Amino acid sequence: MSTAILDHVGFNLPKGYARRALPGFLTLIAMVLILLVCGTIQPRIWSQNGLTLIMSPIVALAIASMAQMVMMSIGDIDLGIGFFVGMITTIVATLLRETPMLGVLALAGSVLAYALLGALVQLRSVPSLIATLGASFVWLGLGLFVLPVPGGAAPDWLFKYAFWKPPLSIPAPVVTMVVATALTWFVTRRTGLGVKFRSLGSNPVALMRSGGSLVVTRMLAYGTVGILGVLSGITLTAEIGGGDVNAVPGYTLTTVAAVILGGGMFTGGRAVAWGTLAGAVTLGLLTVLLTLLNLSSNLQPAVQGFIVIAVLAGRLVVERMTR
Amino acid sequence: MIKLRNHSIPPWTWSFLAAVIVLVLTYMVSGRGGSQTITLAFTVAPYLVLVGLGQMLVMSAGPGNIDVSVAKVFSLGGLVAIAVGDVTGSWVLGLGASVGVGLAMASISVVSILYVRIPPIVATLATSLIASAISLTLAKGFQGSADPVLKSFLSWAPFGIPAFAIVVLLFTILVSLILKKTTWGSQMLAFGQARRAAEYAGVNAKETIVIVYLTSGVLAALAGALRASFSAPNVELGNDYLLDSIAVVVIGGTLMSGGRAVPAGVWGGALFFILLDGLLNLIGWSYAGQNVLKGFLVLAVLFLASGAPILSRRVSQPTTDAGNDEDEAEPEIKSLS
């Protein structure tokens, strides 16, 4: 039915495409609507500075959501990403600033730790949910070791990035988010590695029969999640100007919501980088909108919860109509 | 050897073994035995057990089912119980109110899961956001303290055995019996093992989902109310209970993929976690070190106790072992999300 409608309009898309892209497209519409409402209430956001201001807190969330998207594309869920990103900020704000060599080693070690976690999940058939949950205690503890109280300072080059103004009055956060998303999209959708990730999520037996190694693939996927987590932590350090392991524990679940809004599935096999970006920006912009509406900050979580339900309900209705 | 492994030890063994090891270590470190450590553990553990039992029921209802709203519902239950108890002067009404709040919050999850078809983790996340907003609003200028009668009951420990722990223990046995002996229990577990097969066999999917999530919500809110009466209500009272409840349930031997519920294991897991906190406090580890060790222990228990055998039988069954598992589980998950 949906393809019939599209044919009528004149498009001729691959069969699965509409089903895959529709949820992300609907989320994109929600995102644009929220942005328009924000712009109507406060026209000053339509400038490079204004957009930078409202978008910069979302960058780290968007990249962390990419990490969660990669995780969900192989059929796993990461319940430790919030504390992992927090831990990275503490490393960036101390080690990387004072002794860059050691800092880089620490960051590489974190990525390696993620890959090892992937090996544990695969070799011992441990549910990813609980393995990453256990790891989240470790991230929290390590972060507290590095910085018992929030503090430290971002390295100078990060400060430069924070005040960077790209030409053509494009807001810097948008550039960062789009580049990160494009890279993730390329790796997950246009490389052999991405095909392996997705087949690990949708049909591991097929992956094995085609000569791929389940353990190596899962380790590579977890390593990718680790790299994206590190990038998210670096951008977050630029945003908050220091390190704090408890900065964003909420990311853990918000990123899952972002991926779902973007059209991802818990069963794996689906990598939706651009949809996830739309999902993350929608969730991030909600906070801006609620602040602009002068809503008590206590009520903000409730409105966020209702809007997540509303968007997904809207998707259900649209899917029923197009079927 | 293989035969022994197949008949195998009960799934809750590992959690109790871990708890006993920690207990022995505690005795060795403190240099004296005595029931005080155990009494303390049994005073604190029941709250985690109550939340854990709810989480266990939810997880047993099949892959993808999880309740991430327990932490916020816990805090909200505490605040509501104390507030209502303070206004009406009756702690019974306070507890009743917390049960009501738990039901209301869980209903949001249930409606989202069944009618909006949102995956449970996102649905309960939305519920958790709503509960947290209500808690924050309630907590503004909150005053009120727990009823002294209830408070003294919760810390009452005749002969070193906390009375409240006995109550929760009886409740655990009740849950265990319901799962083993009643039709509903078998239906729920069958539903968790193979959703579609169970539905063809006449199991009511909606009813199962409704009951497990409502139970989880009520237990979380009630545990929160009791915990708040034991110490003091607080918006952040429940925060630790989300990760801990999931961890103790899985350490206790309940399968995350559903279909096997181990109520006894929840006790083992909870005692393990609480004794471990006590031990680490005793030897003066910082909060940071405690978390690192806790994390590594969870991973270690997973490594030892998880599904795949360590001395693998894969030699006889070539590598398709792991793949087949996931393959079989796949259609079930698909129908859920």
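Each chain carries its own residue numbering, running from 1 in the direction its sequence is written. Numbering of ligands from 1 and lettering of chains from A proceed in the order in which they are written. The model is predicted, so local features are restricted to residues of pLDDT at least 70 and side-chain atom pairs to those at 80 or more, both for listing and for counting; the totals for chains, interfaces and linings are taken over all residues. Only hydrogens and water are removed before side-chain values are computed, so all heavy atoms of the structure are retained for them.

## Side note on the packing of aromatic side chains
Next up, step 1: Centres within 6.5 Å make a pair out of two Phe, Tyr or Trp rings, where for Trp the six-membered ring is used; the pair is then stacked when the planes are under 30 degrees apart, edge-to-face when over 60, and tilted otherwise. Counted by the stated rule, this structure contains 11 aromatic pairs over all chains.
Next up, step 2: Seen from their ring centres, Phe-84 of chain A and Trp-139 of chain A are 5.0 Å apart, and the 65° between their planes marks the pair as edge-to-face. Of this pair, Phe-84 of chain A sits in helix H4 (residues 81-93) while Trp-139 of chain A sits in helix H7 (residues 128-146), and the two are 55 residues apart along the sequence.
Next up, step 3: On the basis of relative accessible area, Trp-139 of chain A is assigned to the buried category, the value being 6%.
Next up, step 4: Summarising the aromatic geometry, the rings of Tyr-47 of chain B and Phe-164 of chain B are spaced 5.2 Å apart at their centres and angled 40° between planes, so their arrangement reads as tilted. Of this pair, Tyr-47 of chain B sits in helix H3 (residues 36-60) while Phe-164 of chain B sits in helix H8 (residues 163-181), and the two are 117 residues apart along the sequence. Numbering of helices and strands starts at the N terminus; helices are DSSP runs of H or I of at least 4 residues and strands are runs of E of at least 2. Classification of residues uses two cut-offs on accessible area relative to the type maximum, computed with a 1.4 Å probe and protein chains only: under 20% is buried, over 50% is exposed, and between them is partly exposed.

## Focus: the interface of chain B and chain A
Next up, step 1: Contacts between chain B and chain A engage 58 residues on the former and 54 residues on the latter.
Next up, step 2: Together, the buried faces of chain B and chain A total about 4400 Å²; carbon and sulfur atoms form 77% of this surface.
Next up, step 3: Every case where a carboxyl oxygen of Asp or Glu lies within 4 Å of a side-chain nitrogen of Lys or Arg is listed as a salt bridge. On the surface where chain B and chain A come into contact, there are 0 salt bridges.
Next up, step 4: Pairs of N or O atoms are called polar contacts if they sit within 3.5 Å, as long as, within protein, a hydrogen donor faces a hydrogen acceptor (for residues adjacent in sequence, only side-chain-to-side-chain pairs). For the pair chain B and chain A, the number of links is 0 residue pairs in polar contact (both at pLDDT 80 or more).
Next up, step 5: Among the secondary structure elements, those contributing two or more residues to the side of chain B that touches chain A are helix H5 (91-114), helix H6 (120-139), helix H12 (239-251), helix H14 (287-305) and helix H15 (320-336) of chain B.
Next up, step 6: Among the elements that line the side of chain B that touches chain A, the one with the most residues is H14 of chain B, at 13 residues.
Next up, step 7: Amino acids outside the nonpolar list (Ala, Val, Leu, Ile, Met, Phe, Trp, Tyr, Cys, Pro) and the charged list (Asp, Glu, Lys, Arg) are all regarded as polar, and Gly is one of them. When grouped by side-chain class, the residues that make up the side of chain B that touches chain A number 35 nonpolar, 14 polar and 9 charged. Contact criterion: two residues are considered in contact whenever any of their non-hydrogen atoms come within 4.5 Å of each other. Once two parts are brought into contact, the accessible area they lose, counted with a 1.4 Å probe and summed over both, makes up the buried area.

## Quick word on the environment of Gly-94 of chain B
Next up, step 1: Mapped onto the secondary structure, Gly-94 of chain B falls in helix H5.
Next up, step 2: Each C-alpha atom, one on Gly-94 of chain B and one on Val-168 of chain B, is 19 Å from the other, the two residues being 74 residues apart in sequence.

## A short note on the packing of H4 of chain A against helix H12 (residues 214-240) of chain A
All names here are of chain A.
Next up, step 1: The axes are straight lines fitted to the C-alpha atoms, using for helices just the contacting stretch, and the angles between their N-to-C directions are given from 0 to 180°. Where H4 contacts H12, the two axes come as close as 8 Å, and the packing angle between them is 60°. Considered as vectors, H4 and H12 are oriented oblique to each other. In the crossing of H4 with H12, the sense of the turn from one axis to the other is right-handed. Touching Ile-81, Phe-84, Val-85, Ile-88, Thr-89, Val-92 and Ala-93 of H4 are Val-225, Gly-226, Gly-229, Val-230, Ser-232, Gly-233, Ile-234, Leu-236 and Thr-237, all from H12. Roughly parallel covers angles under 35 degrees, roughly antiparallel covers those over 145, roughly perpendicular covers 65 to 115, and oblique covers all other angles. Note on convention: the crossing is left-handed when the near helix lies turned anticlockwise from the far helix by less than a right angle, right-handed when the turn is clockwise.

## Side note on the pattern of salt bridges
All names here are of chain A.
Next up, step 1: The full count for this structure, using the stated rule, is 3 salt bridges over all chains.
Next up, step 2: Where Arg-218 meets Asp-76, a salt bridge forms, and the shortest distance between an N and an O atom there is 2.7 Å. You can see Arg-218 sitting in helix H12 and its partner Asp-76 sitting in the loop between helix H3 (48-73) and H4, a full 142 residues away along the chain.
Next up, step 3: For Asp-76, a relative accessible area of 6% puts it in the buried group.
Next up, step 4: Between Arg-97 and Asp-156 there is a salt bridge whose closest N-O contact spans 3.8 Å. With Arg-97 in helix H5 (residues 95-98) and Asp-156 in helix H8 (residues 156-162), the pair connects residues that are 59 residues apart, well separated along the chain.

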